[in-house]
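Close look at the chain arrangement
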Amino acid sequence: MARTRFVGDAGLTVRMTTVMFLLGGLFVALVVALMAIAGGYGGMGFALIVGFIGIGIAIYQWWSSDTVAMKAMRAREVSPQQAPELHAMVDRLCVLADMPKPRVGVADTRLPNAFATGRSPDRSVVVVTTGILQLLTAEELEGVLAHELAHVAHRDVLVMTVASSAGIVAGMVTQGAQYGAMFGGHRREGNSALPVWLLMLLVSMVVYAVSFLLLKLLSRYRELSADRAGAYLTMKPAALASALQKISGGMNAIPDRDLRASQAMNAFFIAPAIKGVSLRTLTSTHPSLEQRLEQLARIQAEAEEAVRAGREHIVLT
């Protein structure tokens, strides 16, 4: 985690390190398995190509994550002259957190949401939609921005982006195996052995499923961590709780077509672009709204208790 005034989270650091280590091992296992399945120099060459593709995707994701995310949402960077109130809010939070100020962007969409991305705190961008600007009060928007800045300080967006490379490569191998099946593939030895394409399909599907679950579990924890860090920074957890409720409720007014068009960004949004379903599933990118509100309510209670204790101390002295 970058050195800021955001509250630290050792649990997030351990989880990010563990996920990166496991996904790295999973990627190596995929390459070795492909080499063993295909066999010979041709199999070694194929596995090495897959390995280089995976490394290339990881580097590309790391280098251009901010650009890709902004293009996906058709967002534009705005200057202090174009969005003075938004910039002033980010300025205040960055001073409070003692962190570099990220670029600020706006996406022209009714979808009420926000996200942060970038390969480092110095190369990050925080984006809000026009929908969320119209929906939230200034205090609620501040809570959302503090949440997104916490993601930047924790560097968890970078980890999520790079870690997704193993799943992308596994998905590519799965598609290649299916393509090979269309043309019959070939068997390893004799007619009784499983076709090479089927073995590749099975291995790549297992790798994809494991990486998918690992990323979803990390994604849910990092959202709770950003909620907690943002709430402690502003000391207004009730404002963030109110914002989350408004955002989740606002999704119901968005056409299904627009929600589907934005769902590729769900892992990076402050709230997923879905409606009418329960979020308490193993594959959810976010913890349930109830879980997030319960955590913020506990922080609110702690803050109120600290204020009461401070007043009592003043009276006694």
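Everything here concerns the structure above.
My aim in this report is to walk through the structure given alongside it, one point at a time.

Thresholds, definitions, all that
Residues numbered from 1 in each chain as written. Predicted model: local features only at pLDDT ≥ 70, side-chain atom pairs only at ≥ 80, totals over all residues. Heavy atoms only, no water. Helix = DSSP H or I, 4+ residues; strand = E, 2+ residues; numbered from the N terminus. Salt bridge = Lys/Arg side-chain N within 4 Å of Asp/Glu carboxyl O. Buried < 20%, exposed > 50% of the residue type's maximum accessible area, 1.4 Å probe, protein only. Pairing = 2+ DSSP bridges. Axes fitted to C-alpha atoms, helices over the stretch in contact; angles between N-to-C directions. Contact = heavy atoms within 4.5 Å. Expected span 1.5 Å × (residues − 1). Core = buried A, V, L, I, M, F, W, Y, C linked by side-chain atoms within 4.5 Å. Phe/Tyr/Trp six-rings, centres within 6.5 Å; stacked < 30°, edge-to-face > 60°. Lys NZ or Arg CZ within 6 Å of the ring centre and 35° of its normal. Patch = residues over 30% accessible without salt bridge, like charges linked within 9 Å, V, L, I, M, F, W, Y side chains within 5 Å. Areas by Shrake-Rupley, 256 points an atom, 1.4 Å probe, with all protein chains shown as cover. Parallel < 35°, antiparallel > 145°, perpendicular 65-115°, else oblique. Left-handed = near helix turned anticlockwise from the far one by under 90°. Nonpolar A, V, L, I, M, F, W, Y, C, P; charged D, E, K, R; others polar.

**Some thoughts on unusual backbone geometry**
Non-glycine residue Asp98 carries a positive phi angle of around 55 degrees. Counting through the fold element by element, Asp98 comes out in the loop between helix H3 (84-97) and strand E2 (103-107). For Arg155, which is not glycine, the phi dihedral falls at a positive 60 degrees. Secondary-structure assignment places Arg155 in the loop between helix H5 (138-154) and helix H6 (156-182).

**Considerations on the pattern of salt bridges**
Counted under the stated rule, the structure contains 14 salt bridges. Asp66 is the salt-bridge partner of Arg103, the closest N and O atoms lying 2.4 Å from each other. One end of the pair, Arg103, is in strand E2; the other, Asp66, is in helix H2 (residues 40-72), with 37 residues separating them in the sequence. Residue classification places Asp66 among the buried residues on the basis of a relative accessible area of 2%. Connected through salt bridges with shared partners, the residues Asp156, Arg222, Glu223, Asp227 and Arg292 form a single ionic network.

**Focus on the sheet that holds strand E4 (residues 124-129)**
Spatially, E1-E2-E4-E3 is the arrangement adopted by the 4 strands of the open sheet, whose pairing is mixed. Looking at the sheet topology across the chains shown, the edges are occupied by strand E1 (75-77) and strand E3 (114-118). If you compare each strand with its neighbour and ignore which way they point, the axes differ by 25 degrees on average. With 5 bridges connecting them, E3 and E4 associate as antiparallel partners. Bridged to Phe115 within E4 is Val127. Sheet strands in contact with H5 are E3 and E4, and its direction is about 150 degrees off that of E4.

**A short note on H3**
The end-to-end C-alpha distance of H3, which contains 14 residues, comes to 20 Å, matching closely the 20 Å that a straight helix rising 1.5 Å per residue would cover. Positive backbone phi, approximately 55 degrees, marks Asp98, located one or two places after H3.

**Quick look at the nonpolar core**
In this structure, Phe6, Leu86, Phe115, Val128, Ile132, Val144 and Leu145 are the most contacted members of the largest nonpolar core, which totals 80 residues. Take this core: its biggest share by element is 11 residues, from helix H7 (residues 196-234).

**Focus on the packing of aromatic side chains**
Taken as a whole and assessed by the stated rule, the structure comprises 2 aromatic pairs. Lying over the aromatic face of Tyr221, Arg15 brings its terminal NZ or CZ to 3.9 Å of the ring centre. A cation over an aromatic ring shows up here: Arg119 above the ring of Trp63, its NZ or CZ 3.9 Å from the ring centre.

**Observations regarding a nonpolar patch on the surface**
A contiguous nonpolar surface patch, about 670 Å² in accessible area, is contributed by Leu48, Phe52, Ile55, Ile59, Trp62 and Trp63. Mapped onto the elements of the fold, Ile55 is located in helix H2.

**Digging into the pairing of E2**
When you tally the buried positions in E2, you get 4 out of 5 residues, the bulk of the element. Summarising the sheet, E1 and E2 pair through 3 bridges and their orientation is antiparallel. In the sheet register, Arg76 faces E2, and the bridge partner there is Val106. Relative to E4, E2 is paired through 5 bridges, and the arrangement is parallel. The residue bridging Val106 from the neighbouring strand is Val128, located in E4.

**Comments concerning the environment of Leu293**
Following the sequence through the fold, Leu293 ends up in helix H10 (residues 289-316). Spatially, the C-alpha atom of Leu293 lies 8.9 Å from that of Leu240, the residues being 53 residues apart in sequence. Excluding anything up to four places from it in sequence, Leu293 contacts Ala241 and Gln245.

**Overview of the packing of H3 against H5**
Put simply, H3 and H5 touch, their axes get as near as 10 Å, and they point 55 degrees apart. Comparing their axes, H5 and H3 come out oblique. Of the two elements, H3 crosses H5, and the hand of that crossing is right-handed. Listed contacts from H5 to Leu86, Met89, Val90, Arg92, Leu93 and Cys94 of H3 are Ala138, Leu141, Glu142, Leu145, Ala146 and Leu149. The residue inventory of the contact of H3 with H5, partitioned by class, reads 10 nonpolar, no polar and 2 charged.

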